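One letter stands for each residue in the lines below.
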Amino acid sequence: MADLIRCTAAETAAAIASGEVSAVEVAQAHLDRINAVDEKVHAFLHVDTDGALAAARSVDARRAAGEELGPLAGVPLALKDVFTTKGVPTTAGSKMLEGWRPPYDATLTRRLKEAGVVILGKTNMDEFAMGSSTENSAYGPTGNPWDLSRIPGGSGGGSAAALAAYEAPLAIGTDTGGSIRQPGAVTGTVGVKPTYGSVSRYGLIAFSSSLDQGGPCARTVLDAALLHEAIAGHDPMDSTSIDAPVPAVVAAARQADVKGMRVGVVKEFGGEGYQAGVMQRFHESVELLRSLGAEIVEISCPSFTYALPAYYLIAPSECSSNLARFDAMRYGLRVGDNGARSAEEVTALTREAGFGPEVKRRIMLGTYALSSGYYDAYYGSAQKVRTLITRDFDRAFGDVDVLISPTTPTTAFPIGERADDPMAMYLADLCTIPSNLAGNAAMSVPCGLAPEDNLPVGLQIIAPALADDRLYRVGAAVEAALNDKWGHPLLEEAPAL
Amino acid sequence: MSVIDLVPYEEALASYDPVMGLEVHVELGTKTKMFCGCATVPGAEPNSQVCPTCLGLPGSLPVVNAIGVESAIRIGLALNCEIAEWCRFARKNYFYPDMPKNFQTSQYDEPIAFNGYLDVELEDGEVFRVEIERAHMEEDTGKSTHVGGATGRIHGAEYSLLDYNRAGIPLIEIVTKPIVGAGDRAPEVARAYVAELRELIRALGVSEARMDMGQMRCDVNLSLMPKGADKFGTRSETKNVNSLRSVERAARFEIQRHAAVLNEGGKIVQETRHFHEDNGTTTSGRIKEEAEDYRYFPEPDLVPVAPAREWVEQLRGELPELPRLRRQRLQSEWGISAVEMQSALNAGAIDLILATIDAGAPADQARKWWLGELARRANEDGVELAELPITPAQVARVSALVAEGKLTDKLARQVIEGVLAGEGEPDEVVAKRGLAVVSDDSALGDAIDAALAAQPDVADKIRSGKFAAAGALVGAVMKATRGQADAARVKELIFEKLGVTPE
Amino acid sequence: MPGITREEVAHLARLSRLELKSEELDHFAEQLNDIVDAVARVSEIAAEDVPPTSHPLPLTNVMRADEVRPSLSPDEVLAAAPAAEEQRFRVPQILGED
Ligand SMILES: [Zn+2]
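Conventions adopted
- All chains use their own residue numbering, which begins from 1 and follows the written sequence.
- Note on labels: chains are lettered from A, ligands numbered from 1, in written order.
- For this predicted model, a pLDDT threshold of at least 70 governs which residues receive local features, and a threshold of 80 or more governs which side-chain atom pairs are given and counted, while totals over whole chains, interfaces and linings are taken from all residues.
- Excluding hydrogens and water, the side-chain figures rest on all heavy atoms present in the structure.
- UniProt positions are given in the numbering used here, feature names are shortened, and annotations may be inferred rather than shown by experiment.
- The donor set comprises N, O and S atoms within 2.8 Å of the metal, extended to 3.2 Å for Na, K and Ca; water molecules are omitted, so apparent gaps in a site may simply reflect that omission.
- By the criteria applied here, four donors are tetrahedral when all angles lie between 85 and 135 degrees, four are square planar and six octahedral when opposite donors are over 155 degrees apart and every other angle lies between 65 and 115, and any other arrangement is irregular.
- Secondary structure elements are taken from DSSP: a helix is a run of H or I of four residues or more, a strand is a run of E of two residues or more, and numbering for both begins at the N terminus.
- Burial status follows relative accessibility: with a 1.4 Å probe on protein chains alone, a residue under 20% of its type maximum counts as buried, one over 50% as exposed, and anything between as partly exposed.
- Strands are labelled as partners when DSSP assigns at least two bridges between them.
- Note on contacts: a residue pair qualifies if any of its non-hydrogen atoms lie within 4.5 Å across the two residues.
- Axes, fitted as lines to C-alpha atoms, cover a helix only where it is in contact. Angles between the N-to-C directions of the axes lie from 0 to 180 degrees.
- Centre distance within 6.5 Å is the pairing criterion for rings of Phe, Tyr and Trp, where only the six-membered ring of Trp is used; planes under 30 degrees apart are then read as stacked, over 60 as edge-to-face, and the remainder as tilted.
- Over a ring means this: the NZ of a Lys or the CZ of an Arg is within 6 Å of the ring centre and within 35 degrees of the ring normal.
- Here the quantity called buried area is the total loss of accessible area, with a 1.4 Å probe, experienced by two parts when brought into contact, counted for both.
- By convention in these notes, a salt bridge is any Lys or Arg side-chain nitrogen within 4 Å of a carboxyl oxygen on Asp or Glu.
- For the purposes of these results, a polar contact is taken to be a pair of N or O atoms within 3.5 Å, where, inside protein, one atom must be able to donate a hydrogen and its partner to accept one; residues adjacent in sequence count only when each atom of the pair is a side-chain atom.
- Three residue categories are used. Nonpolar comprises Ala, Val, Leu, Ile, Met, Phe, Trp, Tyr, Cys and Pro, charged comprises Asp, Glu, Lys and Arg, and polar comprises the others, including Gly.
- For our purposes a nonpolar core is just a set of buried Ala, Val, Leu, Ile, Met, Phe, Trp, Tyr and Cys residues, chained together by side-chain atoms within 4.5 Å.
- The span you would expect from a helix comes to 1.5 Å times its residue count less one.
- This arc describes the spread of directions from the helix axis toward the C-beta atoms.
- Here the word oblique covers every angle except those under 35 degrees (roughly parallel), over 145 (roughly antiparallel) and from 65 to 115 (roughly perpendicular).
- Take the far helix as your reference; a near helix turned counterclockwise from it by less than a right angle gives a left-handed crossing, and one turned clockwise gives a right-handed crossing.

For chain C, an unreviewed UniProt entry supplies the name Aspartyl/glutamyl-tRNA(Asn/Gln) amidotransferase subunit C and the organism Streptacidiphilus fuscans. Turning to chain C, the UniProt record has this under Subunit (unreviewed entry): "Heterotrimer of A, B and C subunits." Taken from UniProt, the Sequence similarities (unreviewed entry) comment for chain C reads in full: "Belongs to the GatC family."

Following this line, the structure appears as structure tokens:
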């Protein structure tokens with residue numbers, strides 16, 4: 001079998017199922033790769049060597065016993081450190097939870113285990129998923145495998161970097177404002193934010209409950225689809241979980257055909273602030289889709305320009321409440337308990353010491369937006385914008401099957417460039433946020449390198465809620481056509497580590 | 001704590017009208033918590049009924065208990081409320097160590113039930129209508145134990161210990177509209193309202209509503225306005241007043257305190273106050289530096305509750321007979337006065353009396369035991385009537401033994417004492433203590449002969465027609481038989497022996 | 001919209017239980033001001049007649065039966081406690097209502 005770490009998840013699963021290779025060999029190859037390169041990349045916060053090998057052995061044993069294996073059995077995966085894993089450290093990128101070993105598995109973690117997926121470890125992320133660069137991790141930044149001095153996107157930079165560095169063929173991210181799609185775009189990988197409510201949030205450490213959505217990250221659209229089907233589906237432990245069949249995303253990825261589809265180009269995403277090379281690759285993608293038989297329509301969604309401000313009111317508001325539980329009483333960090341201080345003082349000292357600046361900023365912003373006297377002007381207005389954005393989407397999807405845009409306005413920027421300029425940082429999520437506010441489905445798929453910096457550019461595809469399969473049809477068609485054109489997947493152009 | 005000279009109650013009411021608001025929290029008796037599947041068994045060992053959700057662990061999520069919602073609707077209907085067609089939960093944000101998420105999942109501007117009323121009956125039978133503002137769903141907090149410090153209270157404690165078994169248990173908060181026009185009967189109305197609400201909750205079977213166990217807790221908000229004024233004064237909020245008597249006392253005390261402050265030209269501070277059972281006073285809580293801002297917003301982890309109208313109507317159709325109407329019916333069935341009925345209610349005796357009647361006792365006997373001997377015992381022991389270790393069936397058996405002539409009232413009281421002391425069933429107590437009535441006439445004959453021989457002068461008086469003098473002889477016989485004789489039978493035998501026929 | 005003052009940041013920090021350092025107060029005041037300036041735009045299109053959306057899903061009445069599920073063991077509950085005593089969480093003195 002060829003280089004185990006470069007295989008797709010689909011190939012790896014097939015090789016394990018046929019006995020060509022054992023799950024333990026596959027896991028070991030990836031653990032070796034992590035040992036070799038992660039010091040440079042820093043995609044992982046915790047590598048669970050024993051757990052991974054035990055899971056792999058169990059898959060091999062089941063195969064030996066003649067059991068039928070699932071479509072991802074034995075495939076290694078990098079799990080964003082925002083999902084709880086029973087007995088395995090879970091920090092959400094924060095000092096607040098350093099050393100915490102949860103007493104329970106997230107529903108997503110449980111489903112992965114049940115599918116025989118081998119969880120290699122927990123990946124780096126912006127603290128509590130707040131950020132677009134992974135620089136807000138309390139445990140240091142992750143490097144972008146295309147250029148280690150640049151950011152891998154965020155908040156799920158660790159998961160995307162693990163894929164791009166061949167440390168894992170599959171990864172899990174969470175997307176609150178773009179935290180799966182934007183890292184996918186800047187690392188040349190595939191990232192999908194499923195329809196809100198299709199992947200359980202039980203065990204996902206909440207940033208913004210009404211926006212957070214877990215989803216698959218992979219190097220190919222088909223791999224993402226396989227992972228999507230493994231993790232999606234109704235969960236009675238999550239009241240906001242949709243009780244409906246999961247769209248047939250794997251079939252759609254295999255279909256990879258856009259003939260006759262109506263594709264809308266969002267007029268508002270482009271122009272000032274957008275890197276020329278990003279727009280160039282985007283326009284080429286539009287032409288590509290046209291050449292593949294799609295009908296291209298320009299669509300105006302005027303309220304999208306208000307998405308970013310609405311998001312920066314809603315997400316901080318919810319986070320100010322969600323993060324109140326970190327109070328030094330029941331778990332996690334406790335600072336300053338000298339026997340004389342009150343619980344109130346110890347809580348305030350612990351939160352001061354345990355949260356990084358971005359988290360504090362958002363907690364205070366959210367506290368402000370929810371305060372009496374400001375609620376209507378801020379949180380209340382933001383919720384109205386949410387309605388208007390949803391209406392824009394509804395109108396658009398009355399006309400087209402999917403919408404497309406660049407995933408991010410620019411390619412990966414250098415680590416440190418926007419670190420203390422929150423407003424500049426927030427612009428990275430300009431194109432991705434509307435889908436979180438409306439709760440629909442969206443994907444980022446690689447569409448080339450920006451000529452000026454040779455860094456990956458992502459094409460964003462947006463589909464109506466519960467029509468996630470359309471993302472995979474379009475994404476797989478674009479991927480196949482571009483791979484044909486280039487003669488290889490984009491990621492093969494990344495420099496060796 | 002500053003000392004204030006209270007204004008005499010009547011004087012306070014001569015110048016001011018009291019306005020009250022009552023907030024009652026009822027802990028539902030569901031099997032599981034409001035938002036998770038943890039059990040709610042009282043008295044379980046600490047932190048043994050706790051899961052990721054009610055411990056507020058990162059990543060955990062709530063799911064609403066259907067019976068919690070159903071109970072809230074039934075309470076709302078029984079309080080003549082409208083039931084929301086669509087309502088949401090909201091987060092009430094504030095930090096407190098007994099609250100694992102540092103927000104309480106509650107309801108804010110969209111309560112499940114609103115705009116109702118409860119008619120309550122005062123001691124003299126007067127009916128007063130208390131308007132209900134709302135009833136909403138929320139969750140309880142954990143329990144803290146304060147360690148160190150002189151009194152074991154929060155103040156001066158060195159540290160605290162937290163048990164989250166109670167965290168997440170469903171609560172229904174019932175809030176009245178301002179109660180105006182009760183005048184000097186305001187404290188009585190407050191008490192009667194809470195008592196009536198308790199009966200209602202019990203009749204619905206949604207909670208045992210034991211105030212002594214914290215299953216029902218009352219906050220008394222009170223303000224005064226000068227007579228003739230139409231603008232409410234500043235109110236005080238007396239928290240956790242946890243018995244019917246305390247509700248009345250707290251309202252009374254606050255009326256007197258407010259009047260004292262206002263009479264001296266002072267201003268009432270809007271503040272939380274604490275009621276002290278021992279001396280019936282209230283004291284000021286901690287003054288907060290800044291006004292609380294709870295930053296309510298719709299709970300994004302839960303979806304709206306939209307009770308179908310058919311369901312609401314079905315629940316309405318299944319409501320039990322409401323306590324006040326039931327009391328009216330029983331009062332006429334038992335042929336007693338409103339005051340007697342009220343005292344049965346206040347004693348928490350109605351269901352016990354009914355159960356005793358069901359077990360075969362005549363109504364008057366059942367009432368007599370529960371409202372007499374047993375009420376006295378409960379009062380002495382400081383427990384609720386229902387907590388006494390005696391069952392209605394046992395009371396009915398004692399009553400039957402008296403009816404059969406096997407026990408006198410006096411002996412019956414000793415049997416009850418035995419049952420309460422854990423000596424077994426009434427018949428066992430009779431046997432063990434040897435309490436059966438001495439009804440063997442020949443055994444009594446000896447004692448009577450002895451009494452007649454000892455007091456010949458009394459015997460002569462009786463013979464001469466002074467029948468009342470027999471009491472002295474009966475007393476002597478009872479003493480000789482250690483009280484186990486039937487006094488009426490003794491008297492008959494004495495007259496028989498002396499050959500007289502009274503009347 | 002009024003700007004966020006240093007005092008206001010201090011107030012927000014107290015509400016959020018963050019013991020901010022003096023230099024943080026200044027820094028955050030400046031940044032929060034910029035952010036609030038930018039996000040205040042939402043009111044431009046938030047007309048009276050637009051209903052608010054608090055949640056992307058149109059679901060209602062998601063409830064569970066009142067059936068007991070296993071709790072964690074007390075050991076698991078207390079495993080991550082910074083301090084415990086008598087099977088309870090030990091926390092610093094609570095400045096409460098007394
Ligand atoms: Zn629980």
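### A word on the coordination of the zinc ion
All names here are of chain B. Here the zinc ion is held by the protein donor atoms C36 (SG), C38 (SG), C51 (SG) and C54 (SG), which lie 2.3 to 2.4 Å from it. Taken together, the four donor atoms surrounding the zinc ion define angles of 99 to 117° at the centre, an arrangement classified as tetrahedral. Read in sequence order, the donor residues coordinating the zinc ion give the pattern C-x1-C-x12-C-x2-C. Here C38 is found in the loop between β1 (16–27) and β2 (64–65), whereas its partner C54 is found in the loop between β1 and β2, with 16 residues between them in sequence. The class of C38 is buried, set by a relative accessible area of 1%.

### Here we look at the sheet that holds strand β5 (residues 103–106) of chain B
Pairing within the open sheet is antiparallel, and its three strands lie in the order β5-β4-β15 (chain B). Both edges of this open sheet fall to β5 and β15 (297–298) of chain B, since each of them pairs with a single strand only. Of the pairings in the sheet, the one linking strand β4 (residues 90–93) of chain B to β5 of chain B comprises four bridges and is antiparallel in character. The partner of R91 of chain B across the bridge, within β5 of chain B, is T105 of chain B. Each of β4, β5 and β15 of chain B touches helix α10 (residues 307–322) of chain A; the most contacted strand, β4 of chain B, lies at about 60° to it.

### Things to note about the packing of aromatic side chains
A complete count under the given rule lists 22 aromatic pairs over all chains for this structure. Ring geometry for Y94 of chain B against Y294 of chain B: centres 5.4 Å apart, planes inclined by 65°, an arrangement best described as edge-to-face. Within this pair, whereas Y94 of chain B is found in the loop between β4 and β5, its partner Y294 of chain B is found in the loop between β14 (281–284) and β15, the two being separated by 200 residues in sequence. Exposure remark for Y94 of chain B: the relative accessible area of 22% places this residue in the partly exposed category. On the basis of an interplanar angle of 70° and a centroid distance of 6.1 Å, the ring pair of Y294 of chain B and Y296 of chain B is categorised as edge-to-face. Assessed through its relative accessible area of 18%, Y296 of chain B is described here as buried. Among the aromatic side chains, those forming a connected cluster through ring pairs are W100, F128, F326, Y331 and F355 of chain A. The ring of Y294 of chain B carries K92 of chain B above its face, with NZ or CZ at 4.5 Å from the centroid.

### Looking at unusual backbone geometry
All names here are of chain A. A cis geometry characterises the amide bond from G154 onward to S155, with omega recorded as 10°. With respect to the helices and strands, the residue S155 is situated in the loop between β3 (118–123) and α5 (157–164). With phi around 70°, A129 is a residue other than glycine that occupies positive phi space. Looking at the secondary structure, you find A129 in the loop between β3 and α5.

### A closer look at the interface of chain A and chain B
Each partner contributes to the interface: chain A provides 40 residues, whereas chain B provides 32 residues. Counting the surface chain A buries against chain B, the share from its top three residues, S239, R325 and R330 of chain A, is 24%. The interface formed by chain A and chain B includes one salt bridge. In this structure, D301 of chain B and R201 of chain A form a salt bridge, with 3.0 Å as the shortest nitrogen-oxygen distance. Here chain A and chain B share 18 residue pairs in polar contact (both at pLDDT 80 or more) between them. Per-class residue counts for the side of chain A that touches chain B are 18 nonpolar, 14 polar and eight charged.

### Details of the nonpolar core
Core analysis: the largest hydrophobic core is formed by 161 residues, its most contacted members being L112, F128 and Y472 of chain A. In this view, L112 of chain A contacts L77, L79, V117, I119, I172, L227 and I231 of chain A; residues no more than four positions away in its chain are not counted.

### Observations regarding helix α6 (residues 323–334) of chain B
Residue and element names in this part refer to chain B. Spanning 12 residues, α6 covers 16 Å between terminal C-alpha atoms, matching the ideal 16 Å at 1.5 Å per step. Taken together, the buried positions of α6 are occupied by P323, R324, R326, R327, L330, Q331 and W334. Seen along its axis, α6 keeps its buried residues to an arc of 155°; they face one direction. Across α6 from its buried face, at more than 90 degrees, point the exposed residues S332 and E333. Check the buried side of α6 and you find it contacts β6 (113–121), β7 (127–139), α3 (186–204), α7 (338–346), α8 (350–358) and α9 (363–381). Downstream of α6 by a residue or two, G335 has a phi angle that is positive, lying close to 65°.

### Overview of helix α4 (residues 244–263) of chain B
Working note: α-helix, 3.6 residues per turn, so residues spaced by three or four point in the same direction. Over its 20 residues, α4 of chain B extends 29 Å from the first C-alpha to the last, a length consistent with the 28 Å expected when each residue adds 1.5 Å. A positive backbone phi angle near 80° is found at G265 of chain B, which sits one or two residues after α4 of chain B.

### Concerning the packing of α10 of chain A against helix α13 (residues 376–397) of chain A
To describe two helices that pack against each other, one gives the angle between their axes and the distance between the axes. All names here are of chain A. Across the interface, α10 lies against α13 with an axial gap of 9 Å and an inter-helix angle of 125°. Between α10 and α13, the interaxial angle falls into the category oblique. Considering the relative orientation of α10 and α13, their crossing is left-handed. In this structure, α10 contributes A307, A310, L313, I314, S317 and E318 to the contact, and α13 contributes Y378, Y379, A382, Q383, V385, R386 and I389. Partitioning the contact of α10 with α13 into residue classes produces nine nonpolar, two polar and two charged.

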